[in-house]
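Each chain, written out:
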Amino acid sequence: MRPFFISVCAVGIGVSLAGAQQISRKEPAVYAGTERAARAPARPPGMRLALRPPRQFSLAPLSEGELARLAEPSRRLRTGIRRALAPHAMASGAWETTSEGTRIWRMAIQSPASRGMRVEFDDFSAGEGKVWLHDGTNIAGPYTGRGVFGDGHFWSDSVFSGSITVEYEPAPDTPRELEPPFTIRAISHQARTAMDVTAGTADTADFCELDANCYPDWNSSLSSVGQITFMDNGDEFFCSGSLLSTRDNSFKPYFLTAGHCINTEAAARTVEAYWTYQTPACGGTPPASRTTSSKSTVGAHLVSFLSPGDGDYGLVLLTDVPAGTTFAGWDIADPPISTAVTGIHHPSGSWKRISFGERVADATNVVEGTTAPGDLFLQVQWDKGRVEHGSSGSPLFSAPGVVVGSLSYGPVNDDGTVCTIDPSVAGYARFSNTYASVHDYLENLPADLVTPAKAALSFTMVNHAAPAAQTV
């Protein structure tokens, strides 16, 4: 057995939470927002008018070095790799006038054997014009103005194809342009691992993983758990995580994952969050891809994080979430030893699964050279199901919808499997520790629960017209 998250070196340690602040736990809440309901994406002219495919810029097949990088061991599950476009690549694009009399610019990009692509835009300034990505069926965009964050730089949504079209339609009455108002710096070639590139593996999750839709008591919790992909230091990764509700159910889309997943603003800005990448019902046909999964608008902001040695959590604020998602509740009281607990996650980047186990004695572990102190992590021994790469950041529930931890580490065999490891013990960052850093965000108290530090407060102010003293 080799390290996946964890080096097999453990020392028992006792923990006392006698001094921890005790408050009531927060129950989950379902988001009934409707502002995104039935909002179909606008179709680009090339698709709407069934135009012939544009001229294509083809990258070379992945090099041996790129394949080796995709297969490198990592605490995070690598799903793709950034491939820079040559400066002359956009010269492949061309302007054309449609039968409707509009002028559009189009080019196609191919990355051989890719399962999907994202585009890195820079110097983006489309104004009221629109930019799309599509493969003739699936659409990303339109992107307008200065892009997702208003600064001209962003990563697009994914289009799950090895060849995509980039299409730009200027705003009406825009002067004729020679160049499109943006630069394409790179694409992300989504391949997951070198094994998937060469063998076309349909499902990389191990055989003992359980369909999350087969356990009715947990159905209400499924929509609180999402799969995220994001770019970081030139690679694209998978992780899991969950929405967290605020005390007053403000439905601000706070998303809890692992600190070793998201720990920079740059990575947070590239987040794509998928919510229904799962079977339609117990025993239903597994989804072939994330194409039909409901998702959040691309992009997020980093709110807070702790490194693996300090508690290993990352809290980000998503742009939005679809109606019907559940915002998980939480409890800062650690579940007692031997308490039954449940994990819901996306193992190996696959569709949603569920695992059942119990809390066991605390232990300090060495995780990829970093000490994970026993008083910061819950140890969970699995009875049914396991966790894998890609499960990182996923929630641990003490009851349906009530989060008490987020996945940090767990064991794996040398061949990448997990199901034959018995006993299998995973480490979850204690929410009791995470809460100490994020309570200001989650305790979003309404004004009638605020009490003053002093019984009375007076101050003097001067009107700009007359120096009349006023007391409040």
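In what follows, the accompanying structure is described.

About the thresholds
Residues numbered from 1 in each chain as written. Predicted model: local features only at pLDDT ≥ 70, side-chain atom pairs only at ≥ 80, totals over all residues. Heavy atoms only, no water. Helix = DSSP H or I, 4+ residues; strand = E, 2+ residues; numbered from the N terminus. Buried < 20%, exposed > 50% of the residue type's maximum accessible area, 1.4 Å probe, protein only. Contact = heavy atoms within 4.5 Å. Areas by Shrake-Rupley, 256 points an atom, 1.4 Å probe, with all protein chains shown as cover. Polar contact = N/O pair within 3.5 Å; in protein donor to acceptor, adjacent residues only side chain to side chain. Phe/Tyr/Trp six-rings, centres within 6.5 Å; stacked < 30°, edge-to-face > 60°. Lys NZ or Arg CZ within 6 Å of the ring centre and 35° of its normal. Disulfide = S-S within 2.5 Å. Expected span 1.5 Å × (residues − 1). Core = buried A, V, L, I, M, F, W, Y, C linked by side-chain atoms within 4.5 Å. Pairing = 2+ DSSP bridges. Salt bridge = Lys/Arg side-chain N within 4 Å of Asp/Glu carboxyl O.

### Some points on the overall build of the chain
Move 1: Across its full length, the chain holds six helices and 29 strands.
Move 2: For the chain, the residues scored as buried account for 53% of the 472 residues in total.
Move 3: In the chain, the proportion of contacts linking residues at least 24 apart, taken out of those at least 6 apart, comes to 74%.
Move 4: Surface accessibility of the chain: about 20000 Å² in total, with carbon and sulfur atoms responsible for 54%.

### Let's talk about the environment of Ser432
Move 1: Looking at the element boundaries, Ser432 is found in helix α6 (residues 431–442).
Move 2: Excluding residues that lie within four positions of it along the chain, Ser432 makes contacts with Ile332 and Asp334.
Move 3: A distance of 2.9 Å separates a polar atom in the side chain of Ser432 from a polar atom in the side chain of Asp334.

### Let's talk about the packing of aromatic side chains
In this description, an aromatic ring pair is defined by two values, namely the gap between the centres and the angle between the planes.
Move 1: Here the structure, examined in full by the defined rule, presents 24 aromatic pairs.
Move 2: Geometrically, the ring pair formed by Trp105 and Phe182 is edge-to-face, given 5.8 Å between the ring centres and 80° between the ring planes. Linking Trp105 in strand β6 (residues 103–110) with Phe182 in the loop between β11 (163–169) and β12 (183–190), this pair joins segments that are 77 residues apart in sequence. One exposure class covers both Trp105 and Phe182, and it is buried.
Move 3: Grouping aromatic residues by their ring pairs yields a cluster made of Trp95, Trp105, Phe121, Phe124, Tyr143, Phe154, Tyr168 and Phe182.
Move 4: The ring of Phe237 has Arg76 lying over it, and the distance from NZ or CZ to the ring centre is 4.0 Å.
Move 5: Note that Arg103 overlies the ring of Trp95, its terminal NZ or CZ placed 4.3 Å from the centroid.

### With respect to the state of the cysteines
Move 1: In the structure shown here, the tally under the stated rule is three disulfides.
Move 2: The disulfide that involves Cys208 links it to Cys419, with 1.9 Å between the sulfurs. Taking the sign of the torsion about the S-S bond as the criterion, the disulfide between Cys208 and Cys419, at about -85°, is left-handed. With Cys208 in the loop between α3 (194–199) and β13 (210–211) and Cys419 in the loop between β28 (402–409) and β29 (425–430), the pair connects residues that are 211 residues apart, well separated along the chain.
Move 3: Overall, Cys208 belongs to the buried group, its relative accessible area being 18%.

### Remarks on the side chain of Ser406
Move 1: By the secondary structure assignment, Ser406 is in strand β28.
Move 2: Sequence-distant contacts of Ser406, that is, excluding residues within four places in its chain, are made with Leu256, Thr257, Asp312, Tyr313, Gly393, Ser394, Tyr428 and Ala429.

### Brief notes about α6
Move 1: For α6, spanning twelve residues, the distance from its first C-alpha to its last is only 12 Å, which falls clearly below the expected 16 Å at 1.5 Å a residue.
Move 2: Among the residues of α6, Phe431, Ser432, Asn433, Thr434, Tyr435, Val438 and Leu442 are the ones counted as buried.

### Details of the environment of Arg76
Move 1: In this fold, Arg76 is placed in the loop between α2 (64–71) and β4 (77–84).
Move 2: On a C-alpha basis, the gap between Arg76 and Gly390 in space is 6.7 Å, while along the polypeptide they are 314 residues apart.

### So, the nonpolar core
Move 1: Ranked by internal contacts, the top residues of the largest apolar core, which has 26 residues, are Ile109, Phe121, Leu133, Val166, Phe182 and Ile184.
Move 2: Breaking this core down by element, the ones donating at least two residues are β6, β7 (116–122), β8 (127–134), β9 (139–145), β11 and β12.
Move 3: Once you skip the residues sitting within four places of it in the chain, Leu133 turns out to touch Val119, Phe121, Asn138, Ile139, Ala140, Tyr143, Ser156, Asp157, Val159, Ile164, Thr165 and Val166.
Move 4: In this structure, Ala212, Tyr313, Ala328 and Phe397 belong to the second largest nonpolar core, which totals 23 residues.

### A short note on the pairing of strand β23 (residues 353–360)
Move 1: In terms of residue burial, β23 counts as a mostly covered element, since seven of its eight residues are buried.
Move 2: When β13 meets β23, the two strands line up antiparallel, connected through two bridges. Bridge pairing in β23 links Asp211 to Arg353.
Move 3: Alignment of strand β22 (residues 340–345) against β23, held across six bridges, turns out to be antiparallel. Bridging across to β23, Gly343 finds its partner in Ser355.

### Some remarks on the pattern of salt bridges
Move 1: One pass over the structure, following the stated rule, counts 21 salt bridges.
Move 2: One salt bridge connects Arg82 with Glu120, and the closest N-O pair in it is separated by 2.8 Å. Placement of the pair is Arg82 in strand β4 and Glu120 in strand β7, with a sequence separation of 38 residues.
Move 3: Note that Asp157 and Lys295 form a salt bridge whose closest N and O atoms lie 2.6 Å from each other. You can see Asp157 sitting in the loop between β10 (154–155) and β11 and its partner Lys295 sitting in the loop between β17 (272–274) and β18 (300–306), a full 138 residues away along the chain.
Move 4: Its relative accessible area of 13% is what places Asp157 among the buried residues.
Move 5: On the basis of relative accessible area, Lys295 is assigned to the buried category, the value being 19%.

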